[in-house]
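Chain residues, written in single-letter form:
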Amino acid sequence: MVNLGLFSLLLPVMSVSANEPANTEPTESIEKISVMGRAQTFYLESSSSVGTKVETDMMDLPQSAQVLNEQLIVDQAAREITDLYRSIAGVSAYSYSGVTFRGFRDDSNVFYDGMRGDPFSDFGIPQLFNVERVEVLKGPAAALYGGGEPGGMINYVTKKPSFEKETEVTMIVGDYDRVGGSIDSKGGLTDNLAYRLGAFYEQKDSFRNNADAKNTELAGGLLFQLDDNTALTTMVDYIKQDLGGSRLRGVPVDDEGNFLVDPSYNANEASDYQDLEALVLQAQLEHFFSDNFSVDTKVRYVDNERVQGYHESQGWVDVNGDGEANVDDETIKREYRKQYRANQELSLTTDFVYRLESAIEQTVLFGADYHHVDSEYDYWRARYEADGVANLNIFELNYGQSDSADYILTDQNRDGEKTERTGLYAQDQITLTDKWLLLVGLRYDHFNDYDKESGFEFSDEHVSPRAGVVYKYSPDTSFYVNYSESFNPTSIGDQEDADLDGGLSPEIGDQVELGVKNQWFNGQMMTTLAIYHINKKDVAMSNPDDTGADDGIAALVNLGEVESKGVEFTLVGDITTDWTIMANYAYNDARVTQGDLDDTYADGSRFANAPRHQAGLWTRYDIDSLHSAVAFGADYVSEQVSADAQIVKPYTVFDMSWTITWQQTQYQLNVKNLFDKEYAVSGFSERNGHFPGAPREVVLQVSHQF
C-alpha cells in the first residue's frame, strides 16, 4: 500500500534518497510555490541509477527508462503497483502483479533497491507504503541484473532514514468502507545518527463478492554516518496482509468479451482467504576510498509466509441434462485449494565504482551478486461434489451450500524448492568526446535449482553482453542505439520433464533499440522516443515427437521462437510553472514465429494480454490563488485476447483529483474511474473469465505535516 504519510506537499523541501544529488533549484523558484510544496520539475527525474547502477543523466543513458517519483504516487493516490501501470509506456496488467512488458509476460522480475527479494511474491501485489519511487528499465536487463524476461524490469526504491526532520500524519476514507491512516517520521537523533519510523493500516471491502482487505505495515531504519566517507543504513519492514475471498479470479465472458454476469461475481466463498506475513531486513554500507573510488554493499533478507484457501472454477456442469455442459446450465463445478508457502530469501550485492578523469573520461563498475531462496510448500485439494465441494449457480448465486471444514482434502505432495543465483558483472561508461558516449557491459551467471519433493537438481550458466552508443547532437538532444540480451532459466518442473535429453537451455532474448531523447523549456520537460525489436529463442514447448509413452523422448524441448517489435513515446515535465504532465503511448506487435505455444499464447501469432496500442495521461494544474491543484488522468488499452483466445474489449478510463491546503493541512479528493466504466483489465482462461476493472471509487485523504 502507498504510504498515506507520503503526501509531503506542505513544505518546499523534498526528501532526497541517499543515491541522489540534492535538489539545486533556485531558492526563488521554491519560495514561489512553497504553499503547495511545488518543485520546478514536478514529475521529471533527470537522473537515475536503474540503467547503470551508477547515478546517470537520463540523456546519457543509451536505453529507455522511466522513474515514477513520490509526487506522482501521491497525486494518483496509488496504493499498489497496478495503480501506476498507466504511467509506464509498454506495460499493462496480466494477472495479479504479473504484467505484459513489451509484449512478454513477466511475473517475477522484481527488485527492491537493486536486489531481488519480493515480500509480496507469488500472488501478492507489491504495495507502495514503503516505496519512495518506482524505476522502470525497458528491454533486457540481464547484463546488470541477471535472469528475467526481455521486456524490462521494475525496481522499487524504498524510503530511507534522513537527517531532514519531518513528521506526517494522514487519515483516509473512501467507498467500500475504506478507512485507514499512517504516521511517518524521520530526522536526526545526533549529528551522526538519523532515523525513520512509519506505521500504516488500512481496511476496505471490495466490489467483488466475498472479498475484503486489511493491510498493516511497520517500517523503520537507522542511518549511521560513521565518518565523512562511510555510511551504514539499516532498515526493517514488517508486513501483514489479510485478504478475504482470495485468490480472486475473473468473471466469465462470451467470446466477444461481454461479461455473462455482473463484474461483482466471484467464485470464492465468504470463508476463503489469503493471509500473508513478511519480515524484511536490509542493510547498506557505502564507502568512498577516494573522490573517484567507492564501494556499495547491500544485503537483503526476506522471510514471508502465505496461507490461503480458495475455490477455483473448473467449468460448466450439465445441469439441464442436454448432454452438453455450457453457459445454458448456468452452473459451474469448483475445486477447493488449500496452500501453505514460506520463502526465506537472501540477497547480497557489492558494486565497486571507479571514475577515471583523463582525456577520455570513464566510469567503471565491477560487481557481484548472490540470491538464495529456500521455499516450503504444501498443497491440498478437494475436487468437485465427490469431495464435498458444492456447485455454484453464477446467475443465481447460491453461496454457502458446503463448508470447507468438511471437504475431503488430498495432499498433492509438494515440498518446495531451493534456488541459487550467482552473478559477476563489469560495465564501462566512456565519454569519447563531448558528443559521443559509449556503454559496454558483460555479466556471467550461474544458477542452480533443486526440487525438494523429487530430489531433482539442475545447474547451468550464461553470459550476457550489452552495448550502447549515445550521440549528443546538442545539450538538449541525444540519439542512442543499444544491443542487449536476456536469459530466463526454465522452471525446475519443466526441467524434470526434459531431463531425458539433458535438460532445457535458458530462454534467450536479444534486443536492438534506437531512440532519441529531447529536453524542452530549459530542461523542464523531457521526451523519449524508442523503437525496438526483440527476438526470443529457445522457448520451452511441447515436443512434437513425444507420444506420451515411456519411450525416452522428452516431453519438452527448446523449439519456440517469438518476436516483439514496437514504438514507445513518453513525455514528462512542466509545461508552465503551474502545469505539469506525464503522458505516454506504446505500439507493440508480438508474434510467435516458430512453434505452437498453446500453453503460453492464445494462438500461433498473437500473445495473450498483449495490446497493440496503449496510452496513458496524468496532468496537474496548480491554482496558487486558491492554494489548490486539479489533476486529470486517462488510461487507454486496445483490444487484447485471453489465454483461450476470447476477446478482451478495449477500454478508456478517466480519473480526477482535487487538492487544497489550508493551515498546514492538505485535503486530497481522488475520483477513480470517473464515469464508472464497466471493463476488463485483462483476460485469463475461459473457465475463469476476465479480470474486471474496479468501478468508480471516491477516496478522501487528509494529511498534516509538522
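Source: prediction; values computed, not measured.

**Examining the overall build of the protein**
Link 1 in the chain: From N to C terminus, the protein includes four helices and 37 strands.
Link 2 in the chain: Put simply, of all contacts in the protein between residues at least 6 apart along the chain, 68% involve residues at least 24 apart.
Link 3 in the chain: In the form shown here, the protein has an accessible surface area of approximately 28,100 Å², with 53% of it arising from carbon and sulfur atoms.

**Let's talk about the side chain of Ser185**
Link 1 in the chain: For Ser185, the position within the fold is in strand β11 (residues 178-190).
Link 2 in the chain: At 2.7 Å, the side chain of Ser185 and the side chain of Tyr195 are in polar contact.
Link 3 in the chain: In this view, Ser185 contacts Glu166, Thr167, Tyr195, Arg196 and Leu197; residues no more than four positions away in its chain are not counted.

**Let's talk about the packing of aromatic side chains**
Link 1 in the chain: Per the counting criterion, the structure on display carries 18 aromatic pairs.
Link 2 in the chain: Between Tyr336 and Tyr407, the ring centres sit 5.2 Å apart and the planes meet at 70 degrees, which makes this aromatic pair edge-to-face. Residue Tyr336 is found in strand β17 (residues 331-356), and its partner Tyr407 is found in the loop between β19 (392-393) and β20 (410-411); the two are separated by 71 residues along the sequence.
Link 3 in the chain: Put simply, the rings of Phe289, Phe293, Phe352 and Tyr354 touch in pairs and so form one group of aromatic residues.
Link 4 in the chain: Seen from the ring of Tyr480, Lys517 lies directly overhead, with NZ or CZ sitting 5.3 Å from the centre.

**With respect to the nonpolar core**
Link 1 in the chain: Counting 49 residues, the largest nonpolar core has Leu84, Leu128, Val134, Tyr145 and Tyr156 as its most contacted members.
Link 2 in the chain: Sorting elements by how many residues they give to this core places strand β8 (residues 131-138) first, with four residues.
Link 3 in the chain: Those residues in contact with Tyr145 that lie beyond four places of it in its chain are Ser49, Val50, Lys53, Phe111, Gly114, Arg116, Leu137, Met153 and Arg443.
Link 4 in the chain: Counting residues in hydrophobic clusters, the runner-up holds 11 residues, among them Val251, Val253, Leu392 and Val648.

**As for the pattern of salt bridges**
Link 1 in the chain: Going through the model one piece at a time under the given rule, you end up with 34 salt bridges.
Link 2 in the chain: One salt bridge connects Arg79 with Glu202, and the closest N-O pair in it is separated by 3.6 Å. With a gap of 123 residues between them, Arg79 in the loop between α2 (70-75) and β4 (91-95) and Glu202 in strand β12 (residues 193-205) connect regions that are remote in the sequence.
Link 3 in the chain: Taking the relative accessible area as the measure of exposure, Arg79 reaches 4% and is therefore buried.

**Observations concerning the sheet that holds strand β9 (residues 152-158)**
Link 1 in the chain: Across the sheet, which stays open at both edges, the four strands sit in the order β3-β8-β9-β7 with mixed pairing between neighbours. On the outer flanks of this sheet lie β3 (65-68) and β7 (110-112), each paired with one strand and no other. Adjacent strand axes in the sheet meet at a mean angle of 20 degrees, parallel and antiparallel pairs treated alike.
Link 2 in the chain: Relative to β9, β8 is paired through seven bridges, and the arrangement is antiparallel. Bridge pairing links Lys138 to Gly152 in β9.

**Looking at the sheet that holds β4**
Link 1 in the chain: The antiparallel open sheet is built from three strands, whose spatial order is β4-β5-β6. Across the chains shown, the open sheet's two edge strands, defined by having one partner strand only, are β4 and β6 (104-106). Taking the axes of each pair of neighbouring strands and ignoring which way they run, one obtains an average angle of 35 degrees across the sheet.
Link 2 in the chain: Of the strand pairs in this sheet, strand β5 (residues 98-101) and β6 are connected by three bridges, and their pairing is antiparallel. Bridging across to β6, Phe101 finds its partner in Phe104.

**Some details on a nonpolar patch on the surface**
Link 1 in the chain: A contiguous nonpolar patch, built from Val173, Val179, Leu626, Trp658, Ile660, Trp662, Tyr667, Leu669 and Leu700 and spanning about 770 Å² of accessible area, is present on the exposed surface.
Link 2 in the chain: Listing elements by their share of the nonpolar patch, those giving two or more residues are β33 (651-662) and β34 (665-672).
Link 3 in the chain: Residue contributions to the nonpolar patch peak at three residues, all from β33.
Link 4 in the chain: For Val179, the location among the structural elements is in strand β11.
Link 5 in the chain: The class for Val179 is partly exposed, based on a relative accessible area of 35%.

**Topic: the environment of Val136**
Link 1 in the chain: Assignment of secondary structure puts Val136 in strand β8.
Link 2 in the chain: Setting aside anything within four residues of it in sequence, one finds Val136 in contact with Ser64, Ala65, Gln66, Ile88, Phe101, Met153 and Ile154.

**Looking at unusual backbone geometry**
Link 1 in the chain: Looking along the chain, the bond that leaves Ser246 and enters Arg247 is cis, with omega of 10 degrees.
Link 2 in the chain: Tracing the chain through its elements places Arg247 in the loop between β14 (230-244) and β15 (273-290).
Link 3 in the chain: Even without being glycine, Asp676 reaches a positive phi, approximately 55 degrees.
Link 4 in the chain: On the secondary structure map, Asp676 appears in the loop between β34 and β35 (680-683).

**With respect to the confidence of the model for the protein**
Link 1 in the chain: Overall, the prediction assigns the protein a mean pLDDT of 89, with 89% of residues at 70 or greater.
Link 2 in the chain: Scored below 50 in pLDDT, residues 1-40 shows 127 contacts in the model against residues more than four places distant or in partner chains.
Link 3 in the chain: Contacts of residues 599-603 to residues separated by more than four positions or lying in other chains number 15 contacts, the stretch itself having pLDDT below 50.

**Here's the deal with the environment of Glu149**
Link 1 in the chain: Mapped onto the elements, Glu149 comes out in the loop between α3 (142-145) and β9.
Link 2 in the chain: The class of Glu149 is buried, set by a relative accessible area of 12%.
Link 3 in the chain: Considering only alpha carbons, one finds Glu149 and Arg102, 47 residues apart in sequence, at a separation of 9.9 Å.
Link 4 in the chain: A polar contact is formed between the side chain of Glu149 and the side chain of Asn488, at a distance of 3.0 Å.
Link 5 in the chain: Among the polar contacts listed, one links the side chain of Glu149 to the side chain of Lys536, at a separation of 2.7 Å.

**A few points about a negative patch on the surface**
Link 1 in the chain: On the surface, Asp318, Asp322, Glu324, Asp328, Glu330 and Glu396 cluster together into a negatively charged patch.
Link 2 in the chain: With respect to the secondary-structure elements, Asp322 resides in the loop between β16 (293-316) and β17.

Reading the values: rules and limits
Residues numbered from 1 in each chain as written. Predicted model: local features only at pLDDT ≥ 70, side-chain atom pairs only at ≥ 80, totals over all residues. Heavy atoms only, no water. Helix = DSSP H or I, 4+ residues; strand = E, 2+ residues; numbered from the N terminus. Contact = heavy atoms within 4.5 Å. Areas by Shrake-Rupley, 256 points an atom, 1.4 Å probe, with all protein chains shown as cover. Polar contact = N/O pair within 3.5 Å; in protein donor to acceptor, adjacent residues only side chain to side chain. Phe/Tyr/Trp six-rings, centres within 6.5 Å; stacked < 30°, edge-to-face > 60°. Lys NZ or Arg CZ within 6 Å of the ring centre and 35° of its normal. Core = buried A, V, L, I, M, F, W, Y, C linked by side-chain atoms within 4.5 Å. Buried < 20%, exposed > 50% of the residue type's maximum accessible area, 1.4 Å probe, protein only. Salt bridge = Lys/Arg side-chain N within 4 Å of Asp/Glu carboxyl O. Pairing = 2+ DSSP bridges. Axes fitted to C-alpha atoms, helices over the stretch in contact; angles between N-to-C directions. Patch = residues over 30% accessible without salt bridge, like charges linked within 9 Å, V, L, I, M, F, W, Y side chains within 5 Å. pLDDT = per-residue confidence, 0-100. Lys, Arg positive; Asp, Glu negative; His and termini not counted. Charge placed at Lys NZ, Arg CZ, Asp CG, Glu CD.

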